[in-house]
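Structure at a glance
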Amino acid sequence: ACAVSVLINHDENIPSNSSQIVYPVLLFGGGLLTYLDAHRSKPIGTYSKLPGQDDGPVVQTALDRKLGYKIGMEIRHGIFMFL
């Protein structure tokens with residue numbers, strides 16, 4: 001999506017401000033296609049399975065804790081930033 005937006009900005013026949021529309025549309029389209037593919041009976045991509053209620057509690061690994069320490073913030077703070 002980013003490469004297409006950059007290429008559009010340097011095209012002589014396409015207005016440079018059209019990348020303001022193209023970039024979000026490509027991001028949304030890619031997310032939608034990924035979502036639809038993940039829910040097909042035979043998906044094209046390989047997706048990790050989200051833990052369900054029957055799987056029990058999610059266990060945080062040592063690598064998860066190390067990554068959280070490197071970032072320097074807790075997960076709930078990161079989620080709050082996106083809200």
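Everything below is about the structure printed above this text.
Residues numbered from 1 in each chain as written. Predicted model: local features only at pLDDT ≥ 70, side-chain atom pairs only at ≥ 80, totals over all residues. Heavy atoms only, no water.

1. A few points about the overall build of the chain
Going by this rule: A run of H or I in DSSP becomes a helix once it reaches four residues, and a run of E becomes a strand once it reaches two; helices and strands are each numbered from the N terminus. When a residue's accessible area, from a 1.4 Å probe over protein chains only, is under 20% of the maximum for its type it is buried; when over 50% it is exposed; and in between it is partly exposed. Residue exposure ignores everything except the shown protein chains as possible cover, and the areas themselves are Shrake-Rupley values with a 1.4 Å probe.
Each helix and strand counted, the chain has four helices and zero strands in total. Going from the N terminus to the C terminus, the chain shows its helices and strands as α-α-α-α. Here the chain, with 83 residues, has 7% of them falling under the buried criterion. Carbon and sulfur atoms provide 65% of the accessible area of the chain, an area that totals close to 7,900 Å².

2. With respect to the packing of helix α1 (residues 2–9) against helix α2 (residues 19–38)
The criterion, for reference: Axis definition: a line fitted to C-alpha atoms, limited for helices to the stretch in contact. Angles are taken between N-to-C directions and run from 0 to 180 degrees. By definition in this entry, angles of less than 35 degrees are roughly parallel, angles greater than 145 are roughly antiparallel, angles of 65 to 115 are roughly perpendicular, and the rest are oblique. Crossing handedness is defined as follows: a turn of the near helix away from the far one that is anticlockwise and smaller than a right angle gives a left-handed crossing, while the clockwise case is right-handed. Two residues qualify as a contact provided that any one of their heavy atoms is within 4.5 Å of a heavy atom in the partner residue. Each residue gets one label: Ala, Val, Leu, Ile, Met, Phe, Trp, Tyr, Cys and Pro are nonpolar, Asp, Glu, Lys and Arg are charged, and the others, such as Gly, are polar.
For the pair α1 and α2, interaxial distance at closest approach is 9 Å and the crossing angle is 165°. When the axis of α1 is compared with that of α2, the two are roughly antiparallel. The interaxial crossing formed by α1 with α2 has right-handed handedness. Of α2, the residues touching α1 (which contributes Cys2, Val4, Ser5, Ile8 and Asn9) are Ser19, Val22, Tyr23 and Leu26. Residue classes in the contact of α1 with α2 are distributed as six nonpolar, three polar and no charged.

3. Structural notes on the pattern of salt bridges
Formally: A side-chain nitrogen of Lys or Arg and a carboxyl oxygen of Asp or Glu constitute a salt bridge if their distance falls within 4 Å.
Here the structure, examined in full by the defined rule, presents one salt bridge. A salt bridge links Arg40 to Asp37; the nearest nitrogen and oxygen atoms lie 3.7 Å apart. Classification of Arg40 by relative accessible area gives partly exposed; the value is 43%. Judged by its relative accessible area of 10%, Asp37 falls in the buried class.

4. A look at a nonpolar patch on the surface
How we decide: Residues enter a patch when their relative accessible area is above 30% and they make no salt bridge; the linking distance is 9 Å between like charges and 5 Å between nonpolar side chains (Val, Leu, Ile, Met, Phe, Trp, Tyr).
Together, Phe28, Leu32, Leu33, Tyr35 and Leu36 line one region of the surface with nonpolar side chains, adding up to about 570 Å² of accessible area. Look at Leu36 and you get partly exposed, because its relative accessible area is 47%.

5. Regarding the environment of Asp37
Along the polypeptide, Asp37 turns up in helix α2. If near-sequence neighbours (up to four positions away) are discounted, Asp37 is found in contact with Pro43, Ile44, Gly45 and Tyr47.

These results come straight from atomic positions and should not be treated as a statement about function.
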